[in-house]
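A structural walkthrough
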Amino acid sequence: MSVGDAPRTAEDWRGYLVEYGGVYVQTANEYQRSRLTAEQIESHWLGAEPVDVQTIAAAEQRLGIRFPPSLRAFLTVTDGWQGVGGWVHEVSPCAEIDWLRNTGMGEDLIGVYTEVEQEESEPNELLALFRRALVITSGEDLWLLDPAAIHPDGEWTAYEFAPKYGKAEEYLSFAELFHASKDLMIRLAEKEN
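Residues numbered from 1 in each chain as written. Predicted model: local features only at pLDDT ≥ 70, side-chain atom pairs only at ≥ 80, totals over all residues. Heavy atoms only, no water.

What follows deals with the packing of aromatic side chains. The tally for this structure, following the rule as stated, stands at 17 aromatic pairs. Each ring, one from Tyr20 and one from Phe178, has its centre 4.5 Å from the other, and the planes form 45 degrees; the classification is tilted. Taken as a pair, Tyr20 in helix H1 (residues 10–27) and Phe178 in helix H8 (residues 174–192) lie far apart in primary sequence, 158 residues in all. The class for Tyr20 is buried, based on a relative accessible area of 0%. Ring plane angle 70 degrees and centroid distance 6.4 Å describe the contact between Trp143 and Phe174, whose orientation is recorded as edge-to-face. Taken as a pair, Trp143 in strand E5 (residues 142–150) and Phe174 in helix H8 lie far apart in primary sequence, 31 residues in all. Each of the two residues, Trp143 as well as Phe174, counts as buried. Here the aromatic residues Trp13, Tyr16, Tyr20, Trp45, Phe74, Trp81, Trp143, Phe174 and Phe178 are joined through ring pairs into a cluster of three or more. (Phe/Tyr/Trp six-rings, centres within 6.5 Å; stacked < 30°, edge-to-face > 60°. Helix = DSSP H or I, 4+ residues; strand = E, 2+ residues; numbered from the N terminus. Buried < 20%, exposed > 50% of the residue type's maximum accessible area, 1.4 Å probe, protein only.)

Encoded structure:
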């Protein structure tokens, strides 16, 4: 798949994730590689068992939303994904996807950015995003999905937020963000060689 040609359906995700896992295994640093099993290194499969539609529906009911199509398709193939490049450790399993505001990191970010907004005396876009976004990863950096920005195809705008830089990079969907992370792993590996 080329840049911008992100997976959409469960069938797309199956092949794509094995390819993605291969890129991750090939570009993993010593720390990342030490977290992988021999089977994961050989198979390039860094996921889990898929979840059924009832489990997805239960998570959606718990959150009061319907997941965007690319995330729903992803979860029907794997309940989370261990190997993500950069400062994201994993895509969370379905049961761990939550509103950022309900997490410790979210509470901290909302506290800090509330102070920033008060000091600047004007609305802070990141604070508004943190209050409404789903967090779908764990790690130092976060992947967020914005329920206030739903496209005609049902996809939600996605963000990769790097707290240490205070920047959120915007993507059209979860699938586009996932694909961009693969492209970044490839570009970084090419730079090192």
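Read on for the rest.
So, about the nonpolar core. Within the largest apolar cluster, 42 residues are counted, with the highest numbers of intra-cluster contacts made by Trp13, Phe67, Phe74, Phe174 and Phe178. By residue number, the principal contributor to this core is H1, which donates eight residues. With 14 residues, the next largest nonpolar core counts Ile110, Tyr113, Phe130 and Leu144 among its residues. (Core = buried A, V, L, I, M, F, W, Y, C linked by side-chain atoms within 4.5 Å.)

Turning our eyes to something else, we now look at the sheet that holds strand E3 (residues 134–135). Pairing is antiparallel in the open sheet, where five strands are placed in the order E2-E3-E5-E6-E7. Bordering the open sheet on either side are strand E2 (98–99) and strand E7 (167–171), each of which pairs with just one other strand. The pairing of E3 with E5 spans two bridges and is antiparallel. In the strand pairing of E5, Val135 is matched with Leu144. (Pairing = 2+ DSSP bridges.)

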